[in-house]
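Observations on the model geometry
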Amino acid sequence: MGRETLALGWAVAATLMLQALAMAEHSPRTPHSKASVFADLSAQELKAVQSFLWSRKELRLEPSRASTIAKNSVFLLEMLLPKKQQVLKFLDNGQRRPVREARAVVFFGAQEHPNITEFAVGPLPQPYYLRELPPRPGHRASWASRPISSVEYVLLNHALQEATKPLHQFFLDTTGFSFHNCQLRCLTFTDVAPRGLASGERRTWFILQRYVEGYFLHPTGLELLVDHSSTNAQDWTVEQVWYNGKFYQSPEELARKYKNGEVDVVVLEDPLPKGKGAESMKDPPLFSSYKPRGDFPSPITGHGPRLVQPQGPGYKLEGNTVLYGGWSFSFRLRSSTGLQVLNVHFGGERIAYEVSVQEAVALYGGHTPAGMQTKYIDVGWGLGTVTHELAPGIDCPDIATFLDALHYYDADDPIRYPRALCLFEMPTGVPLRRHFNSNFDSGFNFYAGLKGQVLVLRTTSTVYNYDYIWDFIFYPNGVMEAKMHATGYVHATFYTPEGLRHGTRLHTHLIGNMHTHLVHYRVDLDVAGTKNSFQTLRMKLENITNPWSPTHHLVQPTLEQTRYPRERQAAFHFRRTLPKYLLFTSPKKNPWGHKRSYRLQIHSMADQVLPPGWQEERAVTWAR
Ligand SMILES: *[C@@H]1O[C@H](CO)[C@@H](O)[C@H](O)[C@H]1NC(C)=O
Ligand SMILES: *[C@@H]1O[C@H](CO)[C@@H](O)[C@H](O)[C@H]1NC(C)=O
Ligand SMILES: [Cu+2]
């Protein structure tokens with residue numbers, strides 16, 4: 001089976017369910033040394049690639065932190081997965097190990113027509129060649145739509161502060177906060193994307209906020225459109241200003257009109273406790289903080305339940321490979337896209353080559369320009385790299401195994417992210433299976449139950465204001481589940497009465513904008529070999545003459561099977577009812593003559609947001 005894509009919605013899970021596992025010819029599992037073919041690059045490997053690239057003088061590389069856009073720099077290094085066929089030949093047929101290579105994304109900014117070029121660098125551990133990875137025809141990454149680097153943010157911050165100097169008094173009067181000499185009362189911003197209305201533009205709307213805990217919920221009512229397409233930050237300009245429902249040509253125009261009393265001003269209440277910023281016990285915590293507030297009639301006190309494993313973990317971790325009951329799989333945390341599980345075996349047979357996160361998008365509606373413009377495509381915000389430390393007892397049970405990750409992204413060295421991943425076993429709180437066998441005489445013959453427990457591999461991505469929790473869950477009966485939780489802060493804009501058409505008022509000056517999260521997983525199932533096909537089962541009613549009472553009609557369900565010889569035919573569109581059962585099927589049969597197959601369950605309320613083919617929708621065609 002080739003690659004398949006799923007679009008999954010808000011707090012959603014896809015479950016792969018094993019249907020009929022036959023008495024498999026148990027092939028030995030992939031040894032740990034071989035599974036390293038899936039491992040992310042080590043710090044040594046990343047450094048070797050880095051020094052090799054720097055040794056190629058024709059690239060004219062400069063450090064990422066050099067304070068300019070007009071430079072050549074290495075933006076991203078990560079392991080380049082070899083071709084699947086090569087990996088399978090190596091794992092299954094004892095052929096030679098595929099060459100280990102890195103993928104390098106280089107920003108060529110120091111030239112008249114800047115570009116982004118991707119290279120394969122190999123062979124590791126001692127690279128000596130560089131090969132351009134050609135983009136798919138028509139899919140060259142455009143320079144204008146590249147991710148914003150930390151240096152560009154510093155420059156943008158500076159540009160915004162300069163451009164809004166005329167608004168200093170306006171900020172102080174309306175918000176009590178400012179950009180200059182501000183100490184505890186500073187302004188900050190959130191930038192939204194896409195950055196423009198057509199390909200090739202780099203014009204971003206910025207939401208100005210008061211810099212307090214949870215500043216995402218403190219918009220000031222001012223939004224600015226900045227053109228920062230030039231590689232020279234001196235050329236950047238503010239193109240438009242929006243304040244409390246009205247547009248202005250420039251910060252100067254708003255400042256002038258404000259001075260003349262021509263601006264409909266909203267004076268915000270002070271979010272900070274009175275006094276010199278010191279919180280006193282009497283002040284209620286800021287509504288945007290995570291500090292609990294309010295009273296419950298029966299407060300929940302103490303630490304609450306905890307997990308213990310008196311006999312140690314039930315899983316084994318060997319390098320990047322996990323063994324758990326019938327399961328074995330390898331994993332990596334790919335810097336660009338996120339968590340991947342690879343070479344998934346159950347009961348001694350491979351059932352999936354890859355199940356991985358590919359992309360997450362959040363599409364918004366709103367009344368403010370930033371609100372209506374927001375369509376976040378999160379790989380462009382470093383989705384796989386924003387994997388910050390997991391807290392034992394909160395993010396994962398305290399008994400979990402925590403693992404560090406390395407990312408080489410917008411930096412000049414590999415950066416270690418401690419406790420970026422966790423692995424743990426947990427009770428599901430419901431038996432996997434149980435039966436009370438009654439003797440129908442106020443007693444029983446037997447009772448049997450199987451404890452419900454699962455293995456979870458977890459990471460998170462904090463993309464600015466919101467946090468995704470990514471879980472891959474392995475059930476002892478061969479079910480595997482991919483699940484995403486979305487949490488953190490909402491992306492919110494300034495309250496205007498018209499904004500209520502696109503969201504809900506959350507506070508005095510705050511609208512929580514409506515939006516849809518869509519998540520793209522790659523699920524490459526190999527059920528009993530790679531020659532899989534796709535079929536569906538539906539329920540169809542039949543109406544027959546009752547064979548044991550011919551004067552009656554009998555209406556009952558039957559199974560209706562449909563085959564989809566072409567992958568395209570298996571791409572189901574939104575708003576059409578999905579067939580009830582989606583099956584990935586091997587030509588091999590089980591002992592009872594059924595084709596061995598895995599069932600895909602999609603738990604999603606996702607829907608199509610944009611019409612197919614409409615502008616940004618073409619960047620997320622997987623969500624069709
Ligand atoms: C991108 O820039 C590099 C470095 O100048 C150059 O070698 C390469 O040909 C450029 N690629 C394209 C497609 O313009
Ligand atoms: C079943 O078929 C019979 C004979 O055609 C018809 O009278 C009856 O209404 C049908 N029942 C249903 C539920 O379709
Ligand atoms: Cu959300």
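Here the structure is a predicted model, which is why all the values come from computation and not from measurement.

Close contacts around ligand 2 come from Asn 543, His 553 and Val 555, and that covers them all. At 2.3 Å, a side-chain N or O of Asn 543 approaches an oxygen atom of ligand 2. For ligand 2, whose free accessible area comes to 360 Å², the fraction covered by protein is 29%.

Turning our attention to the environment of Gln 44. Position of Gln 44 relative to the elements: it lies in helix 2 (residues 43-55). C-alpha separation for the pair Gln 44 and Pro 414, spaced 370 residues apart in sequence, amounts to 9.0 Å.

Glancing now at the coordination of the copper ion (ligand 3). Bound to the copper ion (ligand 3) are the protein donor atoms His 515 (NE2) and His 517 (NE2), situated 2.0 Å from the metal. Given a relative accessible area of 4%, His 517 falls into the buried group.

With that settled, the discussion passes to the UniProt feature "modified residue: 2',4',5'-topaquinone" (unreviewed entry) in the protein. Per the UniProt entry, the sites bearing "modified residue: 2',4',5'-topaquinone" (unreviewed entry) are Tyr 466 in this numbering. Looking at where Tyr 466 falls in the secondary structure, it is placed in strand 23 (residues 466-474). The buried category is assigned to Tyr 466, whose relative accessible area is 4%. When sequence neighbours within four positions are dropped, the list of residues in contact with Tyr 466 reads Ala 362, Tyr 364, Tyr 376, Asp 378, Ser 461, Thr 487, Gly 488, Tyr 489 and His 517. Here Asp 378 takes part through its side chain, which lies 3.1 Å from a polar atom of the side chain of Tyr 466.

Strand order in the open sheet formed by five strands is 7-8-9-10-11, and the pairing between neighbours is antiparallel. Of all strands in the sheet, those with a lone pairing partner are strand 7 (187-191) and strand 11 (246-248), marking the two edges. Between one strand axis and the next, the sheet turns through 30 degrees on average, direction left out of account. As judged from the six bridges shared by strand 8 (residues 203-210) and strand 9 (residues 219-227), these two strands associate in the antiparallel manner. By the bridge assignment, Arg 203 is partnered in strand 9 with Asp 227. Contacts from helix 4 (residues 150-163) reach strand 7, strand 8, strand 9 and strand 10 (237-243) within the one sheet, and its direction differs from that of strand 7 by about 125 degrees. Strands strand 9, strand 10 and strand 11 of the sheet are contacted by helix 6 (residues 251-259), whose axis makes an angle of about 40 degrees with strand 10.

Our next topic: the site of ligand 1. Close contacts around ligand 1 come from Phe 108, Gln 111, Asn 115, Thr 117 and Arg 140, and that covers them all. Interatomic distance of 2.6 Å between a side-chain N/O atom of Gln 111 and an oxygen atom of ligand 1. In this structure, Asn 115 approaches ligand 1 through a side-chain N or O atom, which is 2.5 Å from an oxygen atom. Protein contact buries 47% of the 360 Å² of open area that ligand 1 shows by itself. A breakdown of the residues in the shell around ligand 1 according to their chemical character gives one nonpolar, three polar and one charged.

Once that is clear, we can look at the UniProt feature "domain: Copper amine oxidase catalytic" (unreviewed entry) in the protein. In the numbering used here, UniProt assigns the feature "domain: Copper amine oxidase catalytic" (unreviewed entry) to residues 306-624. In residues 306-624, the share of helix is 2% and the share of strand is 54%. The end C-alpha atoms are 42 Å apart.

This paragraph deals with the pairing of strand 16 (residues 349-364). Summarising burial for strand 16: 16 of the 16 residues are buried, a large majority. Relative to strand 16, strand 15 (residues 338-346) runs antiparallel, the two being bridged by six bridges. The residue of strand 16 that forms the bridge with Phe 346 is Glu 349. Sheet analysis places strand 16 next to strand 28 (residues 515-525), joined by eleven bridges and oriented antiparallel. Note on strand 28: the bridge partner recorded for Ser 356 is Arg 522.

Our next topic: helix 5 (residues 168-175). Three- or four-residue spacings in an α-helix give side chains the same orientation, since the helix completes a turn every 3.6 residues. Buried residues of helix 5: Phe 170, Phe 171, Thr 174 and Thr 175, and no others. Angular distribution of buried residues about the axis of helix 5 spans 100 degrees; they occupy a single face of the element. The elements touched by buried residues of helix 5 are strand 7, strand 8, strand 9, strand 10 and helix 6. One or two steps after helix 5, the chain reaches Gly 176, where phi turns positive at roughly 75 degrees.

What counts and how
- Along each chain, residues carry numbers from 1 onward, in the same order as the chain's sequence is written.
- For this description, chains carry letters from A and ligands carry numbers from 1, given in the order in which they are written.
- Thresholds applied to this predicted model are a pLDDT of at least 70 for local features of residues and 80 or more for the giving and counting of side-chain atom pairs; totals over whole chains, interfaces and linings are not thresholded and use all residues.
- Side-chain calculation: all heavy atoms of the structure are included, whereas hydrogens and water are not.
- For each residue, the test is whether any non-hydrogen atom lies within 4 Å of the molecule or strand; if one does, the residue is near.
- Identification of polar contacts relies on pairs of N or O atoms within 3.5 Å, with a donor-acceptor requirement for protein atoms, meaning one able to donate a hydrogen and the other able to accept it, and with residues adjacent in sequence counted only if both atoms are side-chain atoms.
- For accessible areas, the Shrake-Rupley method is used with a probe of radius 1.4 Å. Any residue's cover is judged against the shown protein chains and nothing else.
- Working definition: helices are DSSP H or I runs of at least four residues, strands are E runs of at least two. Numbering for both runs from the N terminus.
- Think of the donor list as every N, O and S atom within 2.8 Å of the metal, or within 3.2 Å for Na, K and Ca; water never makes the list, so a site can look incomplete.
- Any residue under 20% of the maximum accessible area for its type is buried, any over 50% is exposed, and the rest in between are partly exposed; the area is computed with a 1.4 Å probe on protein chains only.
- UniProt positions are given in the numbering used here, feature names are shortened, and annotations may be inferred rather than shown by experiment.
- A contact between two residues is defined here by any heavy atoms of the two lying within 4.5 Å.
- Following DSSP output, two strands are said to pair if at least two bridges run between them.
- Axis definition: a line fit to C-alpha positions, over the contact stretch in the case of helices; interaxial angles, taken between N-to-C directions, run 0 to 180 degrees.
- Three categories are distinguished: nonpolar for Ala, Val, Leu, Ile, Met, Phe, Trp, Tyr, Cys and Pro, charged for Asp, Glu, Lys and Arg, and polar for the others, with Gly belonging to the last.
- What the arc covers is the set of directions going from the helix axis to the C-beta atoms.

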